[in-house]
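Listed below, chain by chain, are the residues.
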Amino acid sequence: PLPAKLDSPEVACSLLQRRTMSAGISSSRPISLEDLPVLWSSTTINLKALSKEDIAGQLKHVLQQEGISADPESLSLLARSANGSMRDALSLTDQAIAQGHGEVLLDSVRQMLGNVPTADIAGLLNDVLNNDAVSLMQRVDNMVAVVPDLSSVLVEMQSVLHQLALMQQLPE
């Protein structure tokens, strides 16, 4: 059982001593204050990934508290790029604020992340469906100038196709 508060280094040492012993790690001497940084740094903490909606909501709250305007869609992009990590989302948001000159703007976030607008993805899909290779290659050439990694285009395309499949199967 954990103590209600780790209000002193001695309590923390005692807790670590018990945990290391219960984990089968033995020591010839008691754990001291000098051992704490090493033991804490070797402790693995597995956190559950946050949902994109939770991250976007928290970013919205933080930015409102700071008086910084933000596009809702840009917050969704930042949340998706953070892959469940609030710390990564906050870092990306700091970069977006800097690039947006004090605001979180959709265009600057897309440029920062190398995202392709959904309209461009829809255009790609239309070109494939219409068997229009010339237009398709022109779109890809335009994307190369904007997107640093074309694999992100495939990820976006997969996401759009997934959303379309869901809409077909679960119309609302």
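Residues numbered from 1 in each chain as written. Predicted model: local features only at pLDDT ≥ 70, side-chain atom pairs only at ≥ 80, totals over all residues. Heavy atoms only, no water.

Participant: Would you take a moment to explain the side chain of Arg 110 for this structure?
Facilitator: Tracing the backbone shows Arg 110 in helix α6 (residues 106-113). Relative accessible area serves as the criterion here: at 15%, Arg 110 is assigned to the buried category. Within the structure, Arg 110 has its side chain in polar contact with the side chain of Glu 73 (distance 2.9 Å). (Helix = DSSP H or I, 4+ residues; strand = E, 2+ residues; numbered from the N terminus. Buried < 20%, exposed > 50% of the residue type's maximum accessible area, 1.4 Å probe, protein only. Polar contact = N/O pair within 3.5 Å; in protein donor to acceptor, adjacent residues only side chain to side chain.)

Participant: What is the right way to look at the nonpolar core in this model?
Facilitator: Most often, soluble globular proteins have nonpolar side chains that are buried together. By size, the foremost hydrophobic cluster in this structure holds 19 residues, and its most contacted members are Ile 55, Leu 59, Leu 78 and Val 104. Listing elements by their share of this core, those giving two or more residues are α3 (52-66), α4 (72-81), α5 (86-99) and α6. The biggest single contributor to this core is α5, with 5 residues. Excluding its chain neighbours within four sequence positions, the residues that come into contact with Ile 55 are Leu 50, Ala 79, Ala 82, Gly 84, Ser 85, Met 86 and Ala 89. One finds Ile 121, Leu 124, Leu 125 and Val 153 within the second-largest nonpolar core, a separate group that totals 9 residues. (Core = buried A, V, L, I, M, F, W, Y, C linked by side-chain atoms within 4.5 Å. Contact = heavy atoms within 4.5 Å.)

Participant: Before we go on, may I ask you to explain the layout of surface pockets in this structure?
Facilitator: Taking a probe equal in size to a water molecule and rolling it over the atoms shows the remaining empty space. Of the voids in this model, the largest pocket is the one considered here, and its volume is about 460 Å³. Along its surface, the largest pocket is lined by 16 residues, and Leu 77, Arg 80, Thr 118, Glu 156 and Ser 159 are the ones closest to its centre. Elements supplying a minimum of two residues to the lining of the largest pocket: α3, α4 and α9 (151-169). Looking at the lining of the largest pocket element by element, the count peaks at 5 residues for α4. Of the residues contributing to the lining of the largest pocket, the split by class is 5 nonpolar, 5 polar and 6 charged. (1 Å grid on protein atoms, 1.4 Å probe; cavity = no way out; pocket = protein on both sides within 12 Å on 5 of 7 lines; lining within 4 Å. Points joined across faces, edges and corners; volume = space filled by probe spheres on them. Nonpolar A, V, L, I, M, F, W, Y, C, P; charged D, E, K, R; others polar.)

Participant: Is there a simple way to think about the packing of α3 against α4 in this case?
Facilitator: Two quantities define a packed helix pair, namely the angle between the helix axes and the distance between the axes. At their nearest, the axes of α3 and α4 sit 8 Å apart, and the two run at 125° to each other. It follows from the interaxial angle that α3 and α4 lie oblique. Crossing geometry of α3 relative to α4 is assigned as right-handed. On α4, the residues touching Lys 52, Ile 55, Ala 56, Leu 59, Lys 60 and Leu 63 of α3 are Leu 75, Leu 78, Ala 79 and Arg 80. Its residues placed into classes, the contact of α3 with α4 shows 7 nonpolar, no polar and 3 charged. (Axes fitted to C-alpha atoms, helices over the stretch in contact; angles between N-to-C directions. Parallel < 35°, antiparallel > 145°, perpendicular 65-115°, else oblique. Left-handed = near helix turned anticlockwise from the far one by under 90°.)

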